[in-house]
Number of protein chains: 2
Amino acid sequence: MTAPPPLDLGVLVSGTGSNLQAILDAVATGALSARVKIVISNRPGVPALERARAAGVPALCIPHQGFPNREAFDRALVAALREAEVSWVVLAGFMRLLTPEILDAYPGRIINIHPALLPSFPGLEAARQALEYGVKITGCTVHFVDRGVDSGKIIAQRAVAVEPRDVLATLSARIHRAEHELFVSVLRDIAAGQITPFSTEA
Amino acid sequence: MTAPPPLDLGVLVSGTGSNLQAILDAVATGALSARVKIVISNRPGVPALERARAAGVPALCIPHQGFPNREAFDRALVAALREAEVSWVVLAGFMRLLTPEILDAYPGRIINIHPALLPSFPGLEAARQALEYGVKITGCTVHFVDRGVDSGKIIAQRAVAVEPRDVLATLSARIHRAEHELFVSVLRDIAAGQITPFSTEA
């Protein structure tokens, strides 16, 4: 048995970055044996970039509007991720669909977290969708990323109860707490070699 | 406050009747304050009918093939349910879609149990669907019945973990146990007046 290679992460963000913060905190405390090598946002000035810098992690903004198409944008992402020598790519609230340009550059090594129990409520505003549908149990899902919207193979899920008095803010907060735990838990399993890159040739 | 009227149940079945058995057992032990007034199957010779007779409950088979259309079949169901003086109708593995003939006869008083966390995996073979999709959490749902396939307003849900070694039989057994508990729990709440008939005029 050889030890798995070090888990060198590139984290893609678009906004608040609370899942990024959970990862940074777990790395800082030693709970997660990994290094965040770079954080890339497609939007300028978002809190996620500040969180990265505060943790001493290189933070880069690559605005997607500056590219003629998704493929060109993804090639810029790949160039930055390769420069930072990351081994896995983590989507933490990254609001862009990925093309084969990046999917093929990190085959089976790109994961995302979604605030619902997929396949229920894919896409935007999953917590709002769940609340409006009236489910009594929702949750969060970590999955491998493919070309679809939240359609990749599921790695792990956690259930979250919808309480009778929940409004969007209270439910979202409860889901976020579950996300932070689940995301770090999955990354620990990847770092330990217990979760391996997804292969369609299984 | 007036006490809620007695919970007089008509149970519609198509097969094994394990959820029916859970209800009959809960009534027999006094855990559920209700009376099963009649059990109706659309298929002859199914175990569910035997379970009813063994519990001393009138058991009736109304084969759907004998009717020119769904509406005529549903009118026969309504006639039998009215004759038995039931106040709520429970679908326990009943494999027929309902028409307004019965929906309007028991408005907001027909419930179903489905072996998945709706809106994931509606329709047939929900446990198999969940296993093949690869979810890590599935469960069961009790919902009001409308004209759609498992599309009515959700009353209660329970999560069930999918274990790494699960095959269809082991997962189905775990979901069934959760179903039995959830179904009886919901019926207790209905008997206590804590769940009231669903109204679209809320």
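In this text, all values refer to a predicted model and were calculated from it rather than measured experimentally.

Engineer: It is not clear to me how the state of the cysteines should be interpreted in this structure. Could you clarify?
Structural biologist: Here a disulfide denotes one covalent bond, and it connects the sulfur atoms of two cysteines. In total, this model carries 0 disulfides over all chains according to the counting rule given. Left without a disulfide partner, Cys140(A) is nearest to the cysteine sulfur of Cys140(B), which lies 20 Å away. Taking the relative accessible area as the measure of exposure, Cys140(A) reaches 0% and is therefore buried.

Engineer: Would you take a moment to explain helix H2 (residues 47-54) of chain B for this structure?
Structural biologist: Since there are 3.6 residues in each turn of an α-helix, residues three or four apart along the chain are aligned in direction. Residue and element names in this part refer to chain B. Within H2 the residues assigned to the buried category are Ala 48, Leu 49 and Ala 52. Down the axis of H2, the buried set is contained in an arc of 100°. They therefore lie on one face. On its buried side, H2 packs onto strand E1 (7-13), helix H1 (18-29), strand E2 (34-41) and strand E3 (59-61).

Engineer: I keep staring at the side chain of Asn42(B) and nothing clicks. Help me out?
Structural biologist: All names here are of chain B. Topologically, Asn 42 is positioned in the loop between E2 and H2. A polar contact is formed between the side chain of Asn 42 and the side chain of Ser 14, at a distance of 2.7 Å. Within the structure, the side chain of Asn 42 is placed 3.0 Å from the side chain of His 64, a separation counted as a polar contact. Among all residues touching Asn 42, those that are not within four sequence positions of it are Val 13, Ser 14, Cys 61, Ile 62, Pro 63, His 64, Gln 65, Phe 73, Phe 94 and Arg 96.

Engineer: What is the right way to read the interface of chain B and chain A from this model?
Structural biologist: Where interface size is given, it is often the accessible area lost as the parts come together that is meant. Each partner contributes residues to the interface: chain B has 18 residues there, and chain A has 18 residues. For the pairing of chain B and chain A, the buried interface totals around 1,400 Å² over both sides, and the portion due to carbon and sulfur atoms is 62%. The largest per-residue losses of area from chain B upon contact with chain A belong to Tyr133(B), Lys136(B) and Ile137(B), which jointly make up 37% of the total buried on that side. Remark: the boundary between chain B and chain A carries 0 salt bridges. Along the contact surface separating chain B from chain A lie 5 residue pairs in polar contact (both at pLDDT 80 or more). The element that contributes the greatest number of residues to the side of chain B that touches chain A is strand E7 (residues 154-161) of chain B, accounting for 6 residues. Classifying every residue of the side of chain B that touches chain A by side-chain character gives 11 nonpolar, 4 polar and 3 charged.

Engineer: How should I be thinking about the packing of helix H1 (residues 18-29) of chain A against helix H2 (residues 47-54) of chain A in this particular structure?
Structural biologist: The axes of two packed helices give the description: the angle between them and the distance between them. Residue and element names in this part refer to chain A. Running from N to C, H1 and H2 cross one another at 10°; their axes reach a closest spacing of 9 Å. The pairing of H1 with H2 is recorded here as roughly parallel in orientation. Of the two possible hands of crossing, H1 and H2 adopt the one that is right-handed. Between H1 and H2, the contacting residues are Ser 18, Leu 20, Gln 21 and Leu 24 on the first element and Ala 48, Arg 51 and Ala 52 on the second.

Engineer: What exactly am I supposed to notice about the sheet that holds strand E2 (residues 34-41) of chain A here?
Structural biologist: Strand pairing in a sheet takes place through backbone hydrogen bonds and is either antiparallel or parallel in direction. All names here are of chain A. One open sheet accounts for 7 strands, arranged E3-E2-E1-E4-E5-E6-E7; its pairing is mixed. This sheet does not close on itself; its edge strands, each paired only once, are strand E3 (59-61) and strand E7 (154-161). Across the sheet, the mean angle separating the axes of adjacent strands is 20° when strand polarity is ignored. In this sheet, strand E4 (residues 88-91) lies alongside strand E1 (residues 7-13) in parallel orientation, the contact comprising 4 bridges. Of the residues in E4, the one forming a bridge with Leu 12 is Leu 91. Across the face of the sheet, H2 comes into contact with E1, E2 and E3 while running at roughly 155° to E3.

Engineer: Just checking my understanding: could you explain the environment of Ser185(B) for this structure?
Structural biologist: Positionally, Ser185(B) belongs in helix H6 (residues 168-191). For the pair Ser185(B) and Ala31(B), spaced 154 residues apart in sequence, the C-alpha to C-alpha distance is 9.4 Å.

Conventions and cut-offs
- Note on numbering: residues in each chain are counted from 1, in written sequence order.
- Starting at A for chains and at 1 for ligands, labels are handed out in the order in which the entities are written.
- At least 70 in pLDDT is required for a residue's local features to be given in this predicted model, at least 80 for side-chain atom pairs to be given and counted, and no such filter applies to totals for whole chains, interfaces and linings, which use all residues.
- Computation of side-chain values: all heavy atoms of the structure, hydrogens and water removed.
- Two cysteine sulfur atoms form a disulfide, by the criterion used here, when they sit within 2.5 Å.
- Accessible area is worked out with a 1.4 Å probe on protein chains only. A residue is then buried under 20% of its type maximum, exposed over 50%, and partly exposed in between.
- Helix and strand definitions follow DSSP, with helices as H or I runs of at least four residues and strands as E runs of at least two, each counted in order from the N terminus.
- Comment: arc refers to directions from the helix axis out to C-beta atoms.
- When checking whether two residues touch, look at their non-hydrogen atoms; a contact exists if any pair is within 4.5 Å.
- Identification of polar contacts relies on pairs of N or O atoms within 3.5 Å, with a donor-acceptor requirement for protein atoms, meaning one able to donate a hydrogen and the other able to accept it, and with residues adjacent in sequence counted only if both atoms are side-chain atoms.
- Once two parts are put together, the accessible area they lose, assessed with a 1.4 Å probe and summed over both, is termed the buried area.
- The working definition used for a salt bridge is a side-chain nitrogen of Lys or Arg within 4 Å of a carboxyl oxygen of Asp or Glu.
- In this classification, Asp, Glu, Lys and Arg are treated as charged, Ala, Val, Leu, Ile, Met, Phe, Trp, Tyr, Cys and Pro as nonpolar, and every other residue, Gly included, as polar.
- To obtain each axis, a line is fitted to C-alpha atoms, and for helices this fit is confined to the stretch in contact; angles are then taken between N-to-C directions over 0 to 180 degrees.
- Here the angle decides the label: under 35 degrees means roughly parallel, over 145 means roughly antiparallel, 65 to 115 means roughly perpendicular, and every other value means oblique.
- Each crossing gets its handedness from the near helix: less than a right angle anticlockwise from the far helix is left-handed, clockwise is right-handed.
- When DSSP finds two or more bridges between a pair of strands, those strands are recorded as paired.

Keep in mind these values describe shape, not function.
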